[in-house]
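Spelled out, the chains give:
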Amino acid sequence: MVTQTVSKSQPFTASTSKKLMRSYEVPLKCVDQYQREEINQRIRALEEQQLALLSPQIVRKAETLYHANPKEGFFTRKLCKEVGKSPNIAESSFHWLHIALKSKRDKEKKVQKLLNFLTKNPQQLVEWMIFGRSPYTESSLGNFWKLKRRYVINLLTSSRMLSDSFWRKKQKTTYIPNNLQFNNVLPSTTQQNLLQALDDALFYYTNEFTSLSILTKKQQTFLAKLQLLKKEQQIVIPFLTSWINSPQLSRWKSLKTLSEQLAITICKPTRKLFSAVRQIIVFTLFDQFMQSVPQLVKGLSITKVVPLPFKQKKKGKLPIKLLMKKDYIITRQGNAKELTMQVKKQGWTELGFPQKGKKKLTAQILFPHKIQEYLNNGAEIKLFQVSSGHAPSYKPRIDVILEGTLSCFHSSTLIHSYLPFISGKNQSILGIDINRLGKHMVSFNTPVKLPVNLLLLAEKYTHLSDKVLPELHIGLICKRKNRDTFGFCKLKGELNRVYMRRMRILREILRLLPPFLASVIINKRCKTLKIEQLAVDPTGTKGALAKAIYTMPDSLHIYKKAVWLASKELGYPVNLEYVSPAQTSSIHYGCGGTLARSRGHYDLAPCTRCGKKVNTHSNAARNIASLPGTRLPSL
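Keep in mind it's a predicted model, so treat the numbers as computed, not measured.

### Side note on the packing of aromatic side chains
Aromatic ring pairs are defined here through the distance separating the ring centres and the angle between the ring planes. Tallied over the entire structure, the rule returns 16 aromatic pairs. Geometrically, the ring pair formed by W252 and F274 is edge-to-face, given 5.0 Å between the ring centres and 80° between the ring planes. Here the residue W252 occupies a position in helix α12 (residues 251-265), and F274 occupies one in helix α13 (residues 274-290), the gap between them amounting to 22 residues. What links up through ring pairs into an aromatic cluster is the set Y204, Y205, F209, F222 and F283. One residue, K110, lies across the ring of W145, its end atom 5.4 Å from the ring centre. In this structure, R160 is placed above the aromatic ring of W128, and the distance from its NZ or CZ to the ring centre is 6.0 Å.

In structure tokens:
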């Protein structure tokens, strides 16, 4: 096999000595469909054995052993002796259990830090008690932990629900279910209390903001909302009193609905009053909650808030891990080193699937050229993971885990396939504007056409999202109304398959983007790539905006990988910088006027000063390229 060669210029040496592990799916070549189904059935039987080992008793023993020594080798050997199982399928099962316990320990530390944060911020503590969420807490901890906001939201809501369960059992004297139970009945209040809370909130934030020299736009808007609610207090107070004194299925969602109704009632339908209304609720219930909640939080058992792994059987299967040092019931042709050499020479290897009382079945694993290239670059086979497939194909899934440095996983094949289609002058600084999937998903400050394969994938994604999925959802509702159980189950399966297909398309787009961006950087001889500092999150958004945010290629890893790939080819380090996204899409780069970004003017918008129709995406990329940036660390 002939591997792709890199540029002859002096190679860019980055700090890539740390070893990584990458997973790749490899095809299993069977003699016929009957053999494939038989192999799949044998793998499924092994998966059931593996899952049966994760009983609550074994998980509790495993937790004790993990606290004694968290090293996986010691943990697995000791647990096999404790439960009296031979290190065969058990070792694969206990590998996943070790990962789950490690995740549990990490989550326990995060929950402890979360509770420490809430005890130091009483308003956020009350918000968490009432709604199970707190926007300020979400953004603060998300930035501190460098995690996406969705993770912190899930951590807040799950810890609140499990805390509620613990308090009902252990703190019956202090914790009153009728008053503090999550999403149930809040402490009753009167209109007079709410009126006082509105005055207190307005007084508190007015004094807090007057101490600041300059108010941000958000602070000014929030204060204006409180003043508006104070002005319309005759309408607002009865609404809020009724909401507090009534049980709700979800306090967070119902308050959003209430805020929208209030805005319509006071003839301000476009005003978003949710944050201001939420603060009034917090001020109203603050004194009652702070009498008992701090003591409850201090006595909260973290181990009860974070449940044991596999307590509830999750949908899906655990793949069977095939270690190279053990003789598993799925056999291989040698250890990791021997397999690596074998695949380098012939590009395939064999797996054996024996079963007691039946003939041993063998099938070939074919390694694609890309994986062979990584092996020739110095990567090694670490292990295999095997899992069974579903009807109608019954195709088993085989994943190979490769280990090596970042340089081992460098491939220039895609980059060189894109380079001939990119033309134009050299550009030392490139700016990128990030948008929804489509022909403007990434726009540069210089004309660059997106490759055909990316555009076709974006069209397929849009077709599935806008046409296929809505039709399937409508059909599902009709089947449910007609009580057609068989048709409903069949359509439900098709819906799941379409969602999986759409997810794979999005994943493929995100895989192809770094080589394309790298090819543009190489062609333009770029030295600095600038992107916006975005923290896009579809949480709380609706309709087209949520879809656009969900499909935006905003992952920082995409751009870091593109810069790394380009640096390897160019022979010098390309800098990655981010700039502030403020007004990059609304200011005309040519004359400095404002673009009228009203409904229907997403891609082309007129300038209010010069009257020209401007491509908003390339205009934003030019603004990004012209702004001062902050350098980001490389991969």
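### Digging into the sheet that holds strand β15 (residues 630-632)
Sheet architecture is open: five strands sit in the order β10-β9-β11-β12-β15, paired in mixed fashion. Two strands bound the open sheet, and with one partner strand each, they are β10 (442-444) and β15. Strand-to-strand twist across the sheet, computed as the mean angle between neighbouring axes with direction ignored, equals 35°. Each of β9 (429-434), β10 and β11 (528-532) touches helix α20 (residues 485-524); the most contacted strand, β10, lies at about 5° to it. Of the strands in this sheet, β9, β10, β11 and β12 (575-579) touch helix α23 (residues 616-626), which is tilted by about 135° from β9.

### Section: the confidence of the model for the protein
Taken residue by residue, the protein gives an average pLDDT of 86. The fraction at 70 or more is 90%. Every residue in residues 1-14 scores below 50 in pLDDT, and together they form 24 contacts with partners more than four places removed in sequence or on other chains.

### Some remarks on the pattern of salt bridges
Counted by the stated rule, this structure contains 20 salt bridges. Of the charged contacts, one joins R278 and E127 as a salt bridge, the two residues approaching to 2.5 Å between their closest N and O atoms. Here the residue R278 occupies a position in helix α13, and E127 occupies one in helix α5 (residues 122-131), the gap between them amounting to 151 residues. This pair shows no difference in class: R278 is buried, exactly as E127 is. The salt bridge partner of R511 is E508, with a shortest N-O separation of 2.8 Å. Placement of the pair is R511 and E508 together in helix α20, with a separation of three residues, close to one helical turn.

Criteria and thresholds
- Residues numbered from 1 in each chain as written.
- Predicted model: local features only at pLDDT ≥ 70, side-chain atom pairs only at ≥ 80, totals over all residues.
- Heavy atoms only, no water.
- Phe/Tyr/Trp six-rings, centres within 6.5 Å; stacked < 30°, edge-to-face > 60°.
- Helix = DSSP H or I, 4+ residues; strand = E, 2+ residues; numbered from the N terminus.
- Lys NZ or Arg CZ within 6 Å of the ring centre and 35° of its normal.
- Pairing = 2+ DSSP bridges.
- Axes fitted to C-alpha atoms, helices over the stretch in contact; angles between N-to-C directions.
- Contact = heavy atoms within 4.5 Å.
- pLDDT = per-residue confidence, 0-100.
- Salt bridge = Lys/Arg side-chain N within 4 Å of Asp/Glu carboxyl O.
- Buried < 20%, exposed > 50% of the residue type's maximum accessible area, 1.4 Å probe, protein only.

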